[in-house]
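# An overview of the molecular structure
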There are 2 protein chains.
Amino acid sequence: MTGTAPAPFTADDYRTRMDRAARQAAGAGLAGLLVAPGPDLVWLTGYTPTAATERLTLLVLAPGREPVLVVPTLEAPDAERAPGAPAITLRDWTDGRDPYALTAALLDTDGLPPGPPGAPGALLGISDNAWAMHLLGLQKALPGTSYASLTEALPMLRAVKDTAELELMAAAGAAADAAFEEIRKVPFAGRRETDVAADLAALLRRTGHSQVDFTIVASGPNGANPHHENGDRVIERGDMVVLDFGGLKDGYGSDTSRTVHVGEPTDEERRVHDLVREAQEAGFRAVRPGAACQDVDRAARAVITDAGYGEYFIHRTGHGIGVTTHEPPYMIEGEEQPLVPGMCFSVEPGVYLPGRFGVRIEDIVTVTEDGGRRLNNTVREMVTVD
Amino acid sequence: MTGTAPAPFTADDYRTRMDRAARQAAGAGLAGLLVAPGPDLVWLTGYTPTAATERLTLLVLAPGREPVLVVPTLEAPDAERAPGAPAITLRDWTDGRDPYALTAALLDTDGLPPGPPGAPGALLGISDNAWAMHLLGLQKALPGTSYASLTEALPMLRAVKDTAELELMAAAGAAADAAFEEIRKVPFAGRRETDVAADLAALLRRTGHSQVDFTIVASGPNGANPHHENGDRVIERGDMVVLDFGGLKDGYGSDTSRTVHVGEPTDEERRVHDLVREAQEAGFRAVRPGAACQDVDRAARAVITDAGYGEYFIHRTGHGIGVTTHEPPYMIEGEEQPLVPGMCFSVEPGVYLPGRFGVRIEDIVTVTEDGGRRLNNTVREMVTVD
C-alpha cells in the first residue's frame with residue numbers, strides 16, 4: 001500500500017496534530033503513543049515509508065516531550081523530506097543494531113506516569129497495524145509496560161475532521177459520485193464483472209483518485225456476498241449488480257455503493273431495493289451530535305427487520321473513513337461512542353439473499369452541528385443499465 | 001497489497017506445507033502457529049483476503065490437529081475458494097462477536113504442551129506482520145501463553161524452496177533480466193527518474209509480473225541513498241544510475257539491481273563499479289551448503305573494506321526472497337543460520353558516496369548441493385545508456 005501525503009498540510013499542521021494526540025493520550029491514561037507506518041503516521045506526520053518492512057519505523061509521542069521518529073538509516077533521507085519532518089527529531093538506526101532498545105531508551109519509562117490500576121507499569125498506545133514482531137520486541141525491551149491498540153485506547157484520534165479535511169472528504173465523495181454517473185453509461189450485459197470493475201477503477205483515477213482501494217462489481221447471485229471478489233462471471237440481462245467502490249483522492253477517502261439493474265427489475269427486486277434505500281435514509285436521519293454510533297445501526301436495521309429481512313442484513317451499518325477507507329468509529333450495536341461534528345463514516349445497509357441477489361446502498365456522511373450531511377449525492381433510486 | 005496464489009499448487013501441496021509447518025513448530029517448542037493474512041498465509045493456504053483489515057483472519061496450526069481458519073463471515077465465501085481450502089476447516093465469525101475468544105477456544109491451551117523454561121505457559125508463533133491489535137487481543141484472551149514472531153521462532157519456515165518453487169523463482173529472475181535488457185535501450189538523459197521508473201514497471205508487467213513492488217531509479221547523487229524514492233530529478237549525461245527493481249511473477253519474487261552510466265564513466269566511477277562487481281562475485285562464491293549467512297556478508301564486505309570503501313557500504317549484503325521480495329534469511333554479520341539447498345536470497349553489495357553517486361549490483365542466488373546458482377544472469381559489467 002502506498003499513500004500520498006495530503007498536499008495542503010504544513011509542518012505546523014502536523015505539529016498541532018502531534019501535540020493534540022499527545023494530550024489526548026495523557027487524558028486517556030497513556031504514557032505514550034507508538035505510531036507505526038500506516039494511516040496514523042500519515043495523519044500525524046505526512047510520512048509514508050516506501051514499504052512497511054521488518055525494519056522498525058516508529059513515531060514516539062509522549063506528553064511533554066518532543067516527537068521522535070525511530071527510522072532505519074537507509075530510509076532517513078526519505079523521512080527527512082516528509083512534510084511533518086521539521087516538527088520531529090529523527091533517530092536513525094543501522095542494520096544489526098537493536099531498534100527496540102533504542103525506542104525503550106527514548107521512552108525512559110522510569111520517568112513515565114504509571115498506567116491505570118491493574119496494568120503492569122506504564123500503558124502505551126500502539127498503532128493497530130503495527131507488526132506483531134515489533135510489538136513483541138517492544139514488550140521484551142520494556143518489560144514494565146503494557147499496551148493497548150490505538151483503536152481501543154484512542155479510537156477517535158483521527159475521527160473528527162477539521163475544515164480542511166472535510167473539504168478533501170467532500171471532494172473525494174463528489175469524485176466518486178462523478179465516477180458513478182459515468183459507470184451508469186457503460187454496457188454491463190455480456191461483459192465480465194472484472195471488465196466493469198476495470199472501467200470503474202479507471203473512472204476513479206480519472207476523477208482524481210491516486211489510489212483505488214476496491215471496485216466491487218457483484219452481479220446476480222454474487223451480489224449476495226457483501227465482500228465478493230470480482231470474477232469472470234458474465235453479467236446478464238436481469239441481473240442486479242452491486243457496485244461498491246472507493247479509494248483515496250488527495251489523501252482522503254471515498255467509499256460509495258449503488259445497486260443497479262440490467263434491464264427491468266422484478267417487483268421483488270424493486271421492493272428489496274426500496275427497502276434498503278429506506279433503511280439507508282433512516283440511518284442517515286439518525287445522525288446528529290450526541291447520538292451513539294449504535295443508534296445509526298439500529299435505525300437502519302429496524303427498517304429491514306420490520307420488513308422481515310433482518311436475517312439477511314449480515315454486517316454492521318457503517319465504518320469511519322478519512323486517510324483510510326475503513327477506520328473507527330463503527331456504526332454497530334454495542335458502540336456507544338457519541339457522534340461529534342466533523343466525524344465522517346459510511347451508512348451502508350444491505351440485504352443479501354443467498355444464491356439470488358443482493359442490494360447495498362452506501363453514502364459517506366459527516367456529522368454537522370445539527371444533524372448529518374451526505375458527502376455522496378448521486379441518485380439513490382435504482383437505476384437501470386444496459 | 002494483493003497477491004496471486006501460485007497457480008501450480010493443489011490442496012495437497014498446501015496440506016503438505018501445513019503439516020510440515022506444524023511439525024517444525026513442535027520441533028521448535030511451539031504449541032501452535034497463528035498465521036495472519038500475508039505471505040505466510042499465501043504460502044500455507046493460497047489464500048489472500050481482499051484486504052488486511054481490523055477484522056481478524058487467522059490460520060491456527062497446532063501439531064496433531066486439523067488446520068482451522070478463523071475468518072469473518074463476510075469473507076468466508078472467498079476463503080472457501082482458496083486453493084488450500086479443502087485442507088482447512090473454516091470457522092467464521094460475525095461482526096460483534098469476539099474472534100479472540102473463538103481463537104482461544106480452538107487452541108484449548110490446557111491441552112497444549114508447555115513452553116520452554118521461563119516462558120509463561122505455552123509458546124505460540126505468530127506472523128511477523130499480524131496486526132498488533134490482534135496480538136493484544138490474543139494475549140488478553142489467552143493469558144497463560146507467550147508469543148514469538150515467526151521470523152524469530154521459525155525463520156526458515158518458507159526459506160527452503162522445493163523444485164516447483166525454484167522453477168517459479170528462476171522464471172521470475174529471467175523475466176527481470178529481460179526487463180533490464182530492454183530498459184538499457186530506452187533514453188535516460190533528459191528524462192525524469194519517475195519516467196524511467198514507469199518504463200521499468202511497464203517492462204516488469206510485460207515480462208509477466210502481476211505485481212511490481214519497486215522500481216528504484218536513483219541518478220547521480222540520489223544513487224548514494226540506497227532506498228531513494230524516485231523523484232523529478234532529470235537524469236543528466238555523466239550520471240551513474242542505480243536501477244533496483246522487482247515484484248511478483250506467478251506468486252514468486254524477483255529483485256535485481258544494476259548500475260548503468262549515461263555516457264562515458266570516469267576512472268573513479270569505473271573503479272567503484274568494478275569493486276562492487278568483485279564484491280558481488282565474492283559474496284556469490286561464498287554461497288554453499290553449510291556456510292553461514294554471515295559468511296556471504298563477510299566475503300562481499302571484505303572486498304569493499306580492503307579497498308578502503310568499507311564505511312560506504314551501509315547495509316547488509318542480502319535478504320531472502322520467495323512469495324515476498326523481502327524475507328529471511330538475512331545475509332548479515334551475526335546471522336549464523338547455515339545455508340541449505342533450495343534457499344533463495346539476494347547478494348547485493350553497494351558503495352554509496354554521499355552527494356556524489358552510488359553503485360549496487362544484485363542477483364538472486366539459490367543454494368545448490370555444491371554451491372550457488374544465480375537466478376539473474378544478465379550482464380553485470382557496467383553498461384552505458386543514452
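Rules of the game
Along each chain, residues carry numbers from 1 onward, in the same order as the chain's sequence is written. Chain letters start at A and ligand numbers start at 1, both assigned in the order the entries are written. Whole-chain, interface and lining totals are the exception, using all residues; otherwise, since this is a predicted model, local features are given only for residues with pLDDT of at least 70 and side-chain atom pairs are given and counted only at 80 or more. Calculated side-chain values reflect all of the structure's heavy atoms, with hydrogen atoms and water omitted. Here a strand is any run of E in DSSP of at least two residues, a helix any run of H or I of at least four, and the numbering for each starts at the N terminus. Partly exposed residues are those whose accessible area sits between 20% and 50% of the maximum for their type, while under 20% is buried and over 50% is exposed, using a 1.4 Å probe and protein chains only. Residue contacts follow a heavy-atom distance rule, with two residues in contact if any of their heavy atoms lie within 4.5 Å. Summed over both partners, the accessible area (1.4 Å probe) lost when two parts come together is defined as the buried area. We count a salt bridge whenever a side-chain nitrogen from Lys or Arg sits within 4 Å of a carboxyl oxygen from Asp or Glu. Three classes are used: nonpolar for Ala, Val, Leu, Ile, Met, Phe, Trp, Tyr, Cys and Pro, charged for Asp, Glu, Lys and Arg, and polar for all others, with Gly counted as polar. Residue ranges labeled as domains rest on an automatic or database domain assignment. Residues adjacent in sequence count toward polar contacts only when both atoms are side-chain atoms; beyond that, a polar contact is any pair of N or O atoms within 3.5 Å, and within protein one must be able to donate a hydrogen and the other to accept it. To get an axis, a line is fitted to the C-alpha atoms, and for a helix only the part in contact is used. The angle between two axes follows their N-to-C directions and goes from 0 to 180 degrees. Convention used here: angles under 35 degrees read as roughly parallel, angles over 145 as roughly antiparallel, angles from 65 to 115 as roughly perpendicular, and any remaining angle as oblique. Crossing handedness follows the turn of the near helix against the far one: under a right angle anticlockwise gives a left-handed crossing, and clockwise gives a right-handed one. The fit set for superposing copies consists of C-alpha atoms from residues with pLDDT of at least 70 in both; the fit itself is least squares.

## What to know about unusual backbone geometry
Residue and element names in this part refer to chain A. Here P328 and P329 are connected by a cis peptide whose omega angle stands at 0°. Checked against the element boundaries, P329 lands in strand β11 (residues 327-331). Its identity is not glycine, yet D250 carries a phi of approximately 50°, on the positive side. Within the secondary structure, D250 sits in the loop between β8 (240-249) and β9 (252-262). With relative accessibility at 40%, the residue D250 sits in the partly exposed group.

## Side note on the interface of chain A and chain B
Every contact between the two is made by 40 residues of chain A and, on the other side, 39 residues of chain B. Here chain A packs against chain B, burying approximately 3200 Å² in sum over the two surfaces, 54% of which is carbon and sulfur. Of all residues in chain A, L74, L136 and H227 of chain A give up the largest surface area on contact with chain B, accounting jointly for 18% of the area buried on that side. Counting every contact that joins chain A to chain B gives 4 salt bridges. The partner of R316 of chain A in a salt bridge is E54 of chain B, and the shortest N-O contact between them spans 2.8 Å. Among the elements that take part in the side of chain A that touches chain B, helix α5 (residues 132-141) of chain A stands out by supplying 6 residues, more than any other. Tallied by class, the residues present in the side of chain A that touches chain B amount to 16 nonpolar, 13 polar and 11 charged.

## Quick notes on the domain arrangement of chain A
Frequently, the measure chosen for interface size is the accessible area that the parts lose on association. All names here are of chain A. Domain annotation for chain A reports domain 1 (3-153) and domain 2 (163-385). Measuring from the centre of the C-alpha atoms in domain 1 to the corresponding centre in domain 2 gives 34 Å. Together, the buried faces of domain 1 and domain 2 total about 710 Å²; carbon and sulfur atoms form 73% of this surface. Put simply, domain 1 and domain 2 have 1 salt bridge between them. A salt bridge links E165 to R17; its shortest N-O distance comes to 3.7 Å. Inspection of the domain 1/domain 2 interface yields 1 residue pair in polar contact (both at pLDDT 80 or more).

## Re the packing of helix α9 (residues 267-285) of chain A against helix α10 (residues 293-306) of chain A
Residue and element names in this part refer to chain A. Two numbers describe how α9 lies on α10: the axes approach to 7 Å, and their chain directions differ by 155°. In terms of orientation, α9 and α10 fall into the roughly antiparallel class. Between α9 and α10 the crossing geometry is right-handed. Residues L275, E278, A279, A282 and G283 of α9 touch α10, and the partners they reach there are V296, A299, A300, V303 and I304. In the contact of α9 with α10, the residues fall into 8 nonpolar, 1 polar and 1 charged.

## Considerations on the relation of the copies chain A and chain B
Expressed as a screw operation, the relation of chain A to chain B combines 0.0 Å of axial shift with a rotation of 180°, fitting to an RMSD of 0.0 Å. Considering both components of the superposition, the chain copies are consistent with a two-fold axis. Most of the interface of chain A is mirrored in chain B, where 98% of its interface residues are also at the interface.

## Let's talk about the side chain of T368 of chain B
All names here are of chain B. Its location among the elements puts T368 in the loop between β15 (363-367) and β16 (372-374). At a separation of 3.2 Å, a polar atom in the side chain of T368 contacts the side chain of D370. Setting aside residues up to four positions removed in sequence, T368 forms contacts with P289, P341 and R373.

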